[in-house]
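If you want the building blocks of each chain, they are given just below.
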Amino acid sequence: MTEIYINGKLYKVSLPEDTPLLWVIREHIGLTGTKFGCGKGICGACTVLLEEEPIRSCITPLKAVKGKRITTIEGIPANHPVKRAWVELNVPQCGYCQPGQIVEAYALLKKNPRASREEIVRTMSSHLCRCGTYPRILRAILRAQSMMGVKT
Amino acid sequence: MMDRRDFIKLTGLSLALVLTEGGFKIIKAVQEETINPVLWANITKDNHLVLLINKSEMGQGVWTGLAMLVADELDFPWERVRVRSAPAGPQYIDRKLGMQLTGGSTSVRNMYDFLRQLGATMREMLINYASEEWKVPREKLKAQGGYVFGNGKKASYGELWEGAVKLPIPHKVKLKDPSEFIYIGKNIPRIDAREKVDGSAIFGIDVRLKDVVYAVVERPPAFGCKLKGFDPSRAKQVEGVIDVFAISTGVAVCGKDFYSAQKGRESLKVEWTESPIKDFNDQELARYYLNALNRAGAVARHDGNPEDVISKAKVKVESVYLLPYLYHATMEPMSCVADVRKDKCVVYAPIQSQTWALKTVSRITGLDEKDIEIHTTYLGGGFGRKANVEFVREAVEISKKLGRPVKLIYTREDDVKSGWYRPMNATKFVGALDEKGRVIAIHHKIAVPAVFEWAGMPSQIDRAAVEGIENMPYSVPNLHVEFVKIDLPIPVWFWRSVGSSHNAFTLETFIDRLAKAGGRDPVELRLELLSKNPRARRVVEVCAEKSGWGRGSYRGRAMGLAYHFSFGSHVAQCAEVSLDKKTGKIRVHKVVCVIDLGPTVVHPDLVVSQMESAIVMGLSASLKERVSFSKGGPQSLNFDTYPLLTMEETPEVEVHIVKGQGPMGGVGEPGLPPIAPAVANALLWGYGIEVNQLPMTPDYIKTLI
Ligand code: FES
Ligand code: FES
């Protein structure tokens, strides 16, 4: 039995400890907002928060998060400025990469609400979007900052 | 376009099948003896408009665009509109395409009249019913914002709908005058945005069925290999593995979850026959394609006497191009849930081609199409790839063999190995100029696989092979276009903008080379060649003006412009580019894009996002992408070796829409073709570099400096 906290809820799962967290979340817990894109830590579709840190859940084994707090896309409040800005600017196209992008942006602004444009671009460049929503993601993060009353 | 009788059937029957708000599951329209009901729309008691849309939402915003058409004519509040995807069935065929398919940038164009008429008819039905119920003359009633009112009475559409569908369907309905539109032409919120932001949107890979078995398929390392034998014994010992067996494309490993199936597969031993192209690596492929240009092909167009004119011309330009296989790289890999029973089959899949899926499932299961339910989920990217339903077939084969519901998941590596690439191709252009630098002849030949033939639609001149060249809007008095068919066992398929994705590159860079050879400005030369095409001229002119073309070197950067007509739309793009000569690295700073898709623009911001999307994808392909080969198989199996453009590398994109006269054009694809040649043209003018191959990686560019 491995215990993990996901979005504030305690889950006990009995699975091999090397099972990647991504599949635990998707198939065993049943939260499908976190996506599979590459399985190698490259695309960012599977990004979740481990405590405050964004991690790639596809390459994170279950044993590494024992007893730890995980936040997925479903755990970020709907009225959070990042999510609101995303909707307001019609960011998602196919939407598949967006949960990962949003979790990353959320973590970035939490850590550094005043992140500069360059920092935002640098951080978000670790996420792939085949639909090419990059220009809008950037605008949405800047918009979220202004919603949060941040002056950059 | 549906005919009137079908239209009546569809609205008349919707009552029988009430769709409730919320929940992913779709109720399939039932077949009846006397009528063939089609369910397109329903208004629930609590006043939600629920639409069944026959086009796949893969990011292009088609659910928003199509729902707007109905909601506008119906005069219904946007936030109360819900879209569900229509199940696969003959009722939902796009009559203009002759099948249920999302492709060719046709959705809004093809469904525009029908869906407006649907909304207008529903509105009329509501007024008729209220008039009868309330004994108030029709003229005294108004239907607006989801309510019918007049003479002191008021009721929601939802309250009236059940009664309204029992009355005769009005035959002649008046459509709104464009001045009365409440949504069409406006930037209203995307209908799928919220679900895609909160994580609840269901893609193919997200469908969860009870007792589902997870499956992965081990595939051959090279194309054309057949299964020789396999040893499942060790795989079967892996905890959680349920079964291991051969299917038509490889060996399926089934497990209680994805991870067990994957682990089982790692312990699997498989033997394949030798690939018929085992000697093909990148060099060999290049040689093969370039050699094919020496073969005689099929002539797609021949005007005047190009050979003669070229042989006598003083100024001649010749270019040979080699463009690579490209992978779609949908962020959601192929994935499908199938449940095959003895008398019935249910499939959930992210597909663009419901009709083909239905036929395929029927063929594999032996079931009648009416016993097959196919539900389309959201697509995590499509770009043409998900019109190919081989992955659905695999899931169905596995479920049939296992007798249980199955979820098939492709890993990224499986996805690349499955093939279905944008074809590689070699092209040769020879052009001739007169003493004033006017283009008097163009001789073109392309060696390329036949995409339409791979899709089961063979023809002597493959439509994709020469599209954009054979029908070029440029007036060239002596023109030859020729197609040499490449036959290799590397599966090819439609890739966003199809033949235009490569033909625009070769043609548009060649035009600039002609301009350079003739001492002409490339914009001015294009305008001359487009003298008979005012819409094309206009997008080129507007693009030149908005980008500051001709006003000297812009911020010290090189500029290149390209124009292309595809899928009914004219698009010009101007790229601002700089090159680091030491590293060979190209930076695209800004792209100005101008599109003319005709007089009606349903949702301008969706057009803008499709232009952004196509520019990023086209730039990604032209700067970074190529499926690399070794021993007859792909080597670029994941994003480490098949890198995509990132935010850092994305230029500022500025989009302008101009409204020309003529039929409505498409939006999803036409923004892609011009970007690669625009960048290459900037390199030609700014740095004197001729790009004959893609991608423009630093290594390749360095060889040109
Ligand atoms: S799926 Fe984890 S980074 Fe791509
Ligand atoms: S929105 Fe489709 S991959 Fe990003």
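Further up the page is the structure itself.
What counts, and at which threshold
Residues numbered from 1 in each chain as written. Chains lettered and ligands numbered in written order. Predicted model: local features only at pLDDT ≥ 70, side-chain atom pairs only at ≥ 80, totals over all residues. Heavy atoms only, no water. Helix = DSSP H or I, 4+ residues; strand = E, 2+ residues; numbered from the N terminus. Rg over C-alpha atoms; globule rule 2.2 N^0.38 Å. Contact = heavy atoms within 4.5 Å. Areas by Shrake-Rupley, 256 points an atom, 1.4 Å probe, with all protein chains shown as cover. Lys, Arg positive; Asp, Glu negative; His and termini not counted. Charge placed at Lys NZ, Arg CZ, Asp CG, Glu CD. Phe/Tyr/Trp six-rings, centres within 6.5 Å; stacked < 30°, edge-to-face > 60°. Buried < 20%, exposed > 50% of the residue type's maximum accessible area, 1.4 Å probe, protein only. Pairing = 2+ DSSP bridges. Axes fitted to C-alpha atoms, helices over the stretch in contact; angles between N-to-C directions. Salt bridge = Lys/Arg side-chain N within 4 Å of Asp/Glu carboxyl O. Parallel < 35°, antiparallel > 145°, perpendicular 65-115°, else oblique. Left-handed = near helix turned anticlockwise from the far one by under 90°. Nonpolar A, V, L, I, M, F, W, Y, C, P; charged D, E, K, R; others polar.

Q: What exactly am I supposed to notice about the overall build of chain A here?
A: Along the backbone of chain A there are five helices and five strands. For chain A, whose C-alpha radius of gyration is 15 Å, the value lies close to the compact-globule estimate of 15 Å for 152 residues. The principal-axis extent of the C-alpha atoms belonging to chain A is close to 45 × 30 × 25 Å. A sequence separation of at least 24 residues applies to 59% of the contacts in chain A between residues at least 6 apart. In the structure as shown, chain A presents an accessible area of about 5,500 Å², 50% of it carried by carbon and sulfur atoms. Positive and negative side-chain charges of chain A, numbering 22 and 12 respectively, have mean locations separated by a distance of 6 Å.

Q: Hey, could you run me through the packing of aromatic side chains in this one?
A: Describing an aromatic ring pair means giving the distance of the ring centres and the angle of the ring planes. All names here are of chain B. As enumerated under the stated definition, the model contains 29 aromatic pairs over all chains in all. Residues Phe 391 and Tyr 410 carry aromatic rings whose centres are separated by 6.4 Å and whose planes lie at 75° to one another, so their mutual orientation is edge-to-face. Of the two residues, Phe 391 is situated in helix α11 (residues 390-402) and Tyr 410 in the loop between β17 (406-409) and α12 (412-417); the sequence distance between them amounts to 19 residues. Residue Tyr 410 is classed as buried on the basis of its relative accessible area of 1%.

Q: Can you help me understand the pairing of strand β20 (residues 478-486) of chain B in this one?
A: Successive side chains on a regular strand alternate, one facing one side of the sheet and the next facing the other. All names here are of chain B. With eight of its nine residues buried, β20 lies for the most part within the structure. Note: strand β12 (residues 298-303) against β20, five bridges, orientation antiparallel. In the sheet register, Asp 303 faces β20, and the bridge partner there is Leu 479. Where strand β19 (residues 439-449) and β20 come together, nine bridges link them in parallel fashion. Across the sheet, Ile 442 pairs through a bridge with Leu 479, a residue of β20.

Q: Please clarify how the sheet that holds strand β1 (residues 41-43) of chain B should be interpreted in this entry.
A: All names here are of chain B. An order of β1-β2-β3 is seen for the three strands of this open sheet, with the pairing classed as mixed. Single-partner strands in this sheet number two, and they are β1 and β3 (81-85). Between one strand axis and the next, the sheet turns through 20° on average, direction left out of account. Relative to β3, strand β2 (residues 49-53) runs parallel, the two being bridged by five bridges. Bridging from a neighbouring strand, Ile 53 pairs with Ser 85 of β3. Sitting on the sheet, helix α2 (residues 62-74) is in contact with β1, β2 and β3, with an inclination near 135° to β2.

Q: Is there a simple way to explain helix α1 (residues 21-29) of chain A in this structure?
A: An α-helical turn contains 3.6 residues, so a residue and the one three or four places further along point in the same direction. Residue and element names in this part refer to chain A. Within α1, eight of the nine residues are buried, which leaves the element mostly enclosed by the surrounding structure. Those residues of α1 not exposed but buried are Leu 21, Leu 22, Trp 23, Val 24, Ile 25, Arg 26, Glu 27 and Ile 29. Positioned one or two residues after α1, Gly 30 has a phi angle of 90°, which is positive.

Q: I'm lost on the pattern of salt bridges in this one. Help?
A: Opposite charge on two side chains allows them to pair when their charged atoms are near. All names here are of chain B. Within the structure shown, the criterion is met by 57 salt bridges over all chains. Salt-bridge contacts for Glu 73 lead to Arg 116; the nearest nitrogen and oxygen are separated by 2.9 Å. Within this pair, whereas Glu 73 is found in helix α2, its partner Arg 116 is found in helix α3 (residues 107-134), the two being separated by 43 residues in sequence. Of the two residues, Glu 73 and Arg 116, both sit in the buried class. Each member of the salt-bridge network shares a partner with another, and the members are Glu 218, Arg 219, Arg 265, Glu 394 and Asp 414.

Q: Please explain the packing of helix α2 (residues 81-88) of chain A against helix α3 (residues 98-111) of chain A as it appears in this structure.
A: Residue and element names in this part refer to chain A. Two elements in contact, α2 and α3, have axes separated by 9 Å at closest approach and are oriented at 135°. Classed by the angle they form, the pair α2 and α3 counts as oblique. The two elements α2 and α3 cross, and the hand of that crossing is right-handed. Residue-level contacts link Val 82, Lys 83 and Trp 86 of α2 to Gln 98, Gln 101, Ile 102, Ala 105, Tyr 106 and Leu 109 of α3. Tallied by class, residues from the contact of α2 with α3 come to six nonpolar, two polar and one charged.

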